[in-house]
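The residues making up each chain are set out below.
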Amino acid sequence: VEGAAVDELEDWLRRDYHTSYRTACLLLGNRSDAEEAVQEAFLRAWRFRASLATGSDVRPWLYRVVVNTCNSKLRQEIPHRDRQSADFELVGRPSVEDIPTQIASSQDLLRALHDLPAHLRVVVVLRYYADLSEREIATAIGRRQGTVKSRLHEARRQLAVHPALQAHVSDDSKDDSEALR
Amino acid sequence: MIDEGLLSGSLRDAADAFEFPDGVTERILAASRMVAPESRSAGSTKAFHRSRRGRIVLVTSVAALLVTGIALSAETSSVSHGSAPANSAGLPAQYRGAGGVAPGLPVSGQKSSVSKPAAPIPSGAVGQSAKVEANGMVELTIGDGTLESALAKLTDLAAADGGFVSSDQAQFGGGSSASGTIVLRVPQINFQTLVTQVQRVGDATSVTTTAQDVTGQYVDLQARIRALEASRQQYLTIMTRATSIGDVLAVQSQLDTLQSEIEQLQGQLNVLSNETTYGTLTVSVTEAGKKQPPAPVSPPTSGLSKAWHDGVGGFVSGFEWFIRIGGPLLFVLLFLAALAILGRLAWRTTRRRMI
């Protein structure tokens, strides 16, 4: 029985660890916290796997544990210690010349993301990086689908007016944002 | 509004730049198999970065737990030593008897055919109502053919005293006296009453009762369970304050061990409680003696009746003689027939050769 349970954990790790880790990196802003958070989240999820209803999809539930662990760190640990430098200086970051159609600097995006409130940052990362549907995000954060939709809208609006991203947002979007403001 | 496609692509691009840590999946798998506290030492500690606050809380809680544990342990051991049932040295003088047997009750091995007065069960030892294991054995002799009714009567007695029959067994006939054994269990308070009543069912040839004061053992078990439950409560408090998965796993392991010990001791306490709640009386019942076969009727010694009996006897004797002689005679006839057949075959063979 123990062997089967460990096999289950291995399956989770093989399938979801990479995305979960990078999701945590985007949420927390640094690799050290992300590594610790995901490690804790997987072990916690594995320990409490019995609470997952039979036949339920593991992925949103796993993300829920990851998000909760990250939120816990954002609330309890990170604010109470010396501010770590976020890993914005990323290794192997593509240059503007390499991908001109992308937002010029991932560093700018990460800064803008980091300035979003945590509850908005979570939905943005889960939707646009982890590629979860609004329904799955609702499961992952324990809110209704309508709440997810409105938070996504608010997050995109705030990103559009963030100074670091002004250069990469279309003029139409700027006009929309101005109108909204 | 920022474009969704652009946001998605850029986020992936930014996320891809975060390199994966080495060996993290192996560390998670190892941690999943970890049994604290051994696996928390050495290399594995690196895997679990604890916050400073979490460490402080953990260290403080463990220190408090140790102090509480030592205090409770001291209390437990003092109770245990003071009321050990083996020598009952710590019991008040009025409850101290040879070999830990409560006074007023006969020691195992004593035999008597006389019913003894019911002994009062001691109470109040070490602030706890006395816990006494009472056992007894009664041997009864009853009239012939009354085994079933005696067993039924004993069953009724147990029921009337609020008890029950634990087991019974009976043997009828087979060349020896019918006998049976029945084990009765009644509430401790009615035990002596039952012993007295049982002796009236038949002729009691042996009565043995023993009483063992296990109050000390009972109190000791209770104190140990209380101490372990206090420790468990402390660990649960620590669990709520644990900030890393390493701490959670370590505390969980300790909780599992404590829970197991508590359940084990609780089981012992339940058994002891059951044994001290009910007294056990084994009654052995034996019928007085084997039924004698009817005496043979002696034949008359004179007259017509005697002639008739002699005639019948002569006829029977003659018939017996005929049967008795018939066996050897039949054997001789068969032997002669076999010889005749063989002789005839030999004669025929010889004659054919001559022809």
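Placed above this text is the structure.
Residues numbered from 1 in each chain as written. Chains lettered and ligands numbered in written order. Predicted model: local features only at pLDDT ≥ 70, side-chain atom pairs only at ≥ 80, totals over all residues. Heavy atoms only, no water.

> A description of the packing of helix α2 (residues 31–47) of chain A against helix α8 (residues 245–277) of chain B should follow, citing residues and the corresponding values.
Closest axis-to-axis distance for the α2 of chain A/α8 of chain B pair is 10 Å, and the angle between their directions is 30°. As summarised for this structure, α2 of chain A and α8 of chain B are arranged roughly parallel, according to the angle between their axes. In this structure, α2 of chain A contributes Glu40, Leu43, Arg44 and Arg47 of chain A to the contact, and α8 of chain B contributes Ile245, Val248, Leu249 and Gln252 of chain B. A per-class count over the contact of α2 of chain A with α8 of chain B returns 4 nonpolar, 1 polar and 3 charged. (Axes fitted to C-alpha atoms, helices over the stretch in contact; angles between N-to-C directions. Helix = DSSP H or I, 4+ residues; strand = E, 2+ residues; numbered from the N terminus. Parallel < 35°, antiparallel > 145°, perpendicular 65-115°, else oblique. Contact = heavy atoms within 4.5 Å. Nonpolar A, V, L, I, M, F, W, Y, C, P; charged D, E, K, R; others polar.)

> Any details on the state of the cysteines? Residues and values, ideally.
Residues and elements named next belong to chain A. Applying the stated rule across the entire model yields 0 disulfides over all chains. Cys25 takes part in no disulfide bond, and the closest cysteine sulfur to it belongs to Cys70, at a distance of 9.0 Å. When its relative accessible area of 1% is taken as the criterion, Cys25 is described as buried. Its relative accessible area of 0% is what places Cys70 among the buried residues. (Disulfide = S-S within 2.5 Å. Buried < 20%, exposed > 50% of the residue type's maximum accessible area, 1.4 Å probe, protein only.)

> Tell me about the nonpolar core, residues and numbers included.
Of all hydrophobic cores here, the largest spans 67 residues; its most connected members are Trp12, Leu26, Phe42, Val124 and Leu126 of chain A. The dominant element in this core, judged by the number of residues it contributes, is helix α1 (residues 2–28) of chain A, at 12 residues. Apart from the residues lying within four places of it in its own chain, the contact partners of Val124 of chain A are Leu113, Leu116, Tyr129, Leu152, Ala155 and Leu159 of chain A together with Leu7 and Leu11 of chain B. Counting residues in hydrophobic clusters, the runner-up holds 24 residues, among them Ala150, Phe191, Val195 and Leu281 of chain B. (Core = buried A, V, L, I, M, F, W, Y, C linked by side-chain atoms within 4.5 Å.)

> Would you mind going over the packing of aromatic side chains in detail, with residue names and values included?
Two numbers describe a pair of aromatic rings. These are the distance of the centres and the angle of the planes. Counted according to the given criterion, the structure contains 6 aromatic pairs over all chains. A ring pair is formed by Phe315 of chain B and Phe319 of chain B, whose centres lie 6.5 Å apart and whose planes are at 10°; its orientation type is stacked. A residue pair is termed a helical-turn pair when its members lie 3 or 4 positions apart in one helix, as Phe315 of chain B and Phe319 of chain B do in helix α9 (residues 303–354) at 4 residues. Among the aromatic residues, those joined into a cluster by ring pairs are Tyr17, Tyr21 and Phe42 of chain A together with Phe20 of chain B. Above the ring of Tyr128 of chain A, the side-chain terminus of Arg127 of chain A is found at 6.0 Å from the ring centroid. The ring of Tyr218 of chain B is capped by Lys131 of chain B, whose NZ or CZ atom sits 4.6 Å from the centre of that ring. (Phe/Tyr/Trp six-rings, centres within 6.5 Å; stacked < 30°, edge-to-face > 60°. Lys NZ or Arg CZ within 6 Å of the ring centre and 35° of its normal.)

> I'd like a rundown of the sheet that holds strand β2 (residues 164–171) of chain B, residues and numbers included.
Residue and element names in this part refer to chain B. Spatial ordering of the open sheet is given by β2-β3-β5-β1-β4, a layout of 5 strands whose pairing is mixed. Because the sheet does not close on itself, it has two edges, and the strands there are β2 and β4 (203–213). Between one strand axis and the next, the sheet turns by 10° as a mean value, whatever way the strands run. Pairing of β2 with strand β3 (residues 179–187), which is carried by 7 bridges, proceeds in the antiparallel orientation. When the sheet's bridge partners are listed, Gln171 is paired in β3 with Ser179. (Pairing = 2+ DSSP bridges.)

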